[in-house]
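Topology and contacts: notes
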Amino acid sequence: MLVKVAVVGVGSIGMNHLRVLSDFPDDQVQVVGVADPDARVLAHAVNRYHIPGYANYWEMFAERTPDAVTVAVPTHLHYAISAHAL
């Protein structure tokens, strides 16, 4: 079963999540997008993992419709992003 995963926040923790997700077989996990408001870190993730990048997570959720979301942002932002994902 293929699980489509999106990653919100691609700083050091988010990049670690991307690394781990990329280790799964392609028929099990597909990273469908990453979101981060910092254009520099977003470009790094997009170029390294060849996945669509978004400056805002709500646009990514609407366009990519992930099955699961990794929230790798500062703790005070977890609730808003998780609530929107649900």
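Scroll up to find the structure.
Keep in mind the model is a prediction, meaning the values are calculated, not measured.

**As for the overall build of the protein chain**
Regarding its fold elements, the protein chain presents four helices and four strands. Compactness check: the protein chain gives a C-alpha radius of gyration of 12 Å against a globular reference of 12 Å for 86 residues, within 12% of the reference. Considered along the principal axes of its C-alpha atoms, the protein chain spans approximately 35 × 25 × 20 Å. Out of the 86 residues belonging to the protein chain, those deemed buried represent 36%. Excluding contacts between residues fewer than 6 apart, the proportion of contacts in the protein chain whose partners are at least 24 apart in sequence is 64%. Summing over all exposed atoms, the protein chain offers an accessible surface of approximately 5,200 Å²; the carbon and sulfur share of this is 57%. One finds the centroid of the 5 positive side-chain charges in the protein chain at a distance of 5 Å from the centroid of its 8 negative side-chain charges.

**Concerning the packing of aromatic side chains**
Two descriptors summarise a pair of aromatic rings, namely the distance from one centre to the other and the angle between the planes of the rings. Throughout the structure, instances matching the rule amount to two aromatic pairs. Their ring planes at 80° and their centres at 5.2 Å tell us that Tyr57 and Trp58 sit as a pair that is edge-to-face. On the accessibility criterion, Trp58 (49% relative accessible area) is partly exposed. With centroids separated by 5.6 Å and ring planes inclined at 55°, the aromatic side chains of Tyr57 and Phe61 adopt a geometry described as tilted. Of the two residues, Tyr57 and Phe61 both sit in helix α3 (residues 57-64), four residues apart, roughly one turn of that helix. For Phe61, a relative accessible area of 11% puts it in the buried group. Members of the aromatic cluster, joined through ring pairs, are Tyr57, Trp58 and Phe61.

Reading guide: rules and limits
- Within every chain, residues take consecutive numbers counted from 1 along the sequence as written.
- Only residues with pLDDT of at least 70 get local features here, since the model is predicted, and only at 80 or more are side-chain atom pairs given and counted; chain-wide, interface and lining totals rely on the full set of residues.
- Values shown for side chains rest on all heavy atoms present in the structure; no hydrogens or waters enter the calculation.
- Note on conventions: DSSP H or I runs of at least 4 residues are helices, E runs of at least 2 residues are strands, and numbering of each starts at the N terminus.
- The globule rule used for comparison is 2.2 Å times the number of residues to the exponent 0.38, while the radius of gyration itself is calculated over C-alpha atoms.
- Exposure is judged per residue with a 1.4 Å probe applied to protein chains only, and the accessible area is read against the type maximum: over 50% gives exposed, under 20% gives buried, and values in between give partly exposed.
- In this description, contact between two residues means that some pair of their heavy atoms is separated by no more than 4.5 Å.
- Only the protein chains shown count as cover for residues, and all accessible areas are computed by the Shrake-Rupley method using a 1.4 Å probe.
- Charge assignment in this entry is limited to Lys and Arg as positive and Asp and Glu as negative, and neither His nor the chain termini are counted.
- By convention, the charge on Lys lies at NZ, on Arg at CZ, on Asp at CG and on Glu at CD.
- Put simply, two rings from Phe, Tyr or Trp (the six-membered ring, in Trp's case) pair if the centres are within 6.5 Å, and we call them stacked under 30 degrees between planes, edge-to-face over 60, tilted for the rest.

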